[in-house]
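Fold and contact review
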Amino acid sequence: APAQYAYLAEEVKKVVKVPVIASNRINTPELAERLIAEGRVDMVTMARALIADPEMPRKALEGRVDEIRPCVACNQGCYDRLFANLDISCMSNPAAGREDEFAIRPAPNPRKVMVVGGGPAGMEAARVAASRGHQVTLYEKSSALGGQLALAAVPPGKGEINSLVSYYSNQMARLGVKVNLGQEATAETVGREKAEAVIVAAGASPIIPNMAGVNGQNVVTALDVLAGKSGAGERVVIVGGGQVGVETADYLAEQGKKVTILEMLDKIGPDLGVTVRWIVMKRIAEKGIKSFSGARVQEITSKGVTYEKDGASRFLEADTVVLAVGARAEKKLTQELESKVEVYAVGDCVQARKALDAIYEGAKAGLSV
């Protein structure tokens, strides 16, 4: 939570005569200003917030607050990489630690650039390309920008991710990117736009496993649940215990659902970052969410799920079965365009991964086009 340890600094300030500095998760100039104005502390420090946007103080001073690239405390590029003995980067700011490589310089020959997909990779690609002077048009088949970022903001405790979507939306307007929502781009669309280069950020679609009963009326995908397209009954079994499955379980348990996770691997949440996994697992335990690793689903029926664990077949009753077994890259458009136009594929349409990778690749394409 923002400024979650400020109360400790406030108590220290009451009993000492030296300046007291508050630290940890102070991520906006408004929050920093309020802590000082209210007399709770004398100064504040920022770390992750200034990795996300080193120019935050200048932008705040100049009244350009809506141009500040936010830190959303994902820890993907900073803490998780630090604890893995890797160089520090940032999901929100791929230029962190690579400032010269990612410096935005005017394009020598501004062109018509089309971006397909309004998720993190597409939005970053459009932002960088437009910043260089290209005429950019972005197509997004849904009714709003955000893509997987918007869905990632739905589970409990992750609402701050919406601030990054808002940042990108503001950037699209400020830079003159023409955004076409509710329009799925095709090869014909590219030809009609007369695009000289296309950045494909078409994302990935949920994998539907080949098993009996998977097309039943009680079976939905985790992404549809998070998007509000599908509801869930009182007893829910989630097939897949990776990050998406675990966070969807947390989301449904918050609504009072009785949730069980089945994961075929030997560990729940293996793809969660080392610095956030313990928090998520603690939430799961506190909410009474049951989980079984080493569990291979055999069949889904209208009554529930049959699965095999430790050599024995078992059955779980369920009103709703939620699929969260991964995503498959959408490569079709890239393949159709490769022989027709200069094309760059970025993000999950190359391979389903994290937002850290998607935004990095979007920036690289925006610089290369």
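Residues numbered from 1 in each chain as written. Predicted model: local features only at pLDDT ≥ 70, side-chain atom pairs only at ≥ 80, totals over all residues. Heavy atoms only, no water.

Quick notes on the nonpolar core
What counts is decided by this rule: Side-chain atoms within 4.5 Å are what join buried Ala, Val, Leu, Ile, Met, Phe, Trp, Tyr and Cys residues into a set we call a nonpolar core. Exposure classes here rest on a 1.4 Å probe applied to the protein chains alone. A residue is buried below 20% of its type maximum, exposed above 50%, and partly exposed in between. Helix numbers and strand numbers start at the N terminus; a helix is a DSSP run of H or I with at least 4 residues, a strand a run of E with at least 2. Residues are treated as being in contact if the distance between any of their heavy atoms lies within 4.5 Å.
With 32 residues, the main nonpolar core has Val-136 and Leu-164 as its most contacted residues. For this core, the elements supplying multiple residues, two or more each, are strand 3 (112-116), helix 6 (120-131), strand 4 (135-140), helix 8 (161-175), strand 6 (197-200) and helix 14 (355-368). In this view, Val-136 contacts Val-113, Val-115, Ala-126, Ala-129, Ala-130, Gly-176, Val-177 and Lys-178; residues no more than four positions away in its chain are not counted. Listed in part, the 19 residues of the second largest apolar core include Leu-272, Val-280, Ile-284 and Val-322.

Some remarks on the sheet that holds strand 14 (residues 312-317)
Applied cut-off: The pairing criterion is simple: DSSP has to find at least two bridges between the two strands. An axis is simply a line fitted to the C-alpha atoms; with a helix, the fit covers only the stretch in contact. Between two such axes, the angle follows the N-to-C directions and lies from 0 to 180 degrees.
Read across the open sheet, the 3 strands follow the order 12-13-14; overall the sheet is antiparallel. At either end of the open sheet lies a strand with only one pairing partner, and these are strand 12 (295-300) and strand 14. Neighbour to neighbour, the strand axes of the sheet diverge by 30° on average, direction disregarded. With 6 bridges joining them, strand 13 (residues 304-309) and strand 14 adopt antiparallel strand pairing. Looking at the pairing, Thr-306 lines up with Phe-315 of strand 14.

Some thoughts on the pattern of salt bridges
Heads up, the condition is: We define a salt bridge as a contact between a side-chain nitrogen of Lys or Arg and a carboxyl oxygen of Asp or Glu at a distance within 4 Å.
If you walk through the whole model with that rule in mind, you get 25 salt bridges. The partner of Glu-361 in a salt bridge is Arg-353, with the nearest N and O atoms 2.5 Å apart. Put simply, Asp-250, Glu-254, Arg-283 and Lys-287 are held in one network by salt bridges that share partners.

Things to note about the packing of helix 6 against helix 8
Formally: Small angles under 35 degrees read as roughly parallel and large ones over 145 as roughly antiparallel, with 65 to 115 read as roughly perpendicular and the rest as oblique. Crossing handedness: left-handed means the near helix sits turned counterclockwise from the far one by under a right angle, and right-handed means the same turn made clockwise.
It is at 10 Å that the axes of helix 6 and helix 8 come closest, and there the two elements cross at 30°. Regarding the angle of helix 6 to helix 8, the classification is roughly parallel. Handedness of the helix 6/helix 8 crossing: left-handed. Side by side, helix 6 and helix 8 meet where Met-123, Glu-124, Ala-126, Arg-127, Ala-130 and Ser-131 of the first sit next to Tyr-167, Tyr-168, Gln-171, Met-172 and Leu-175 of the second.

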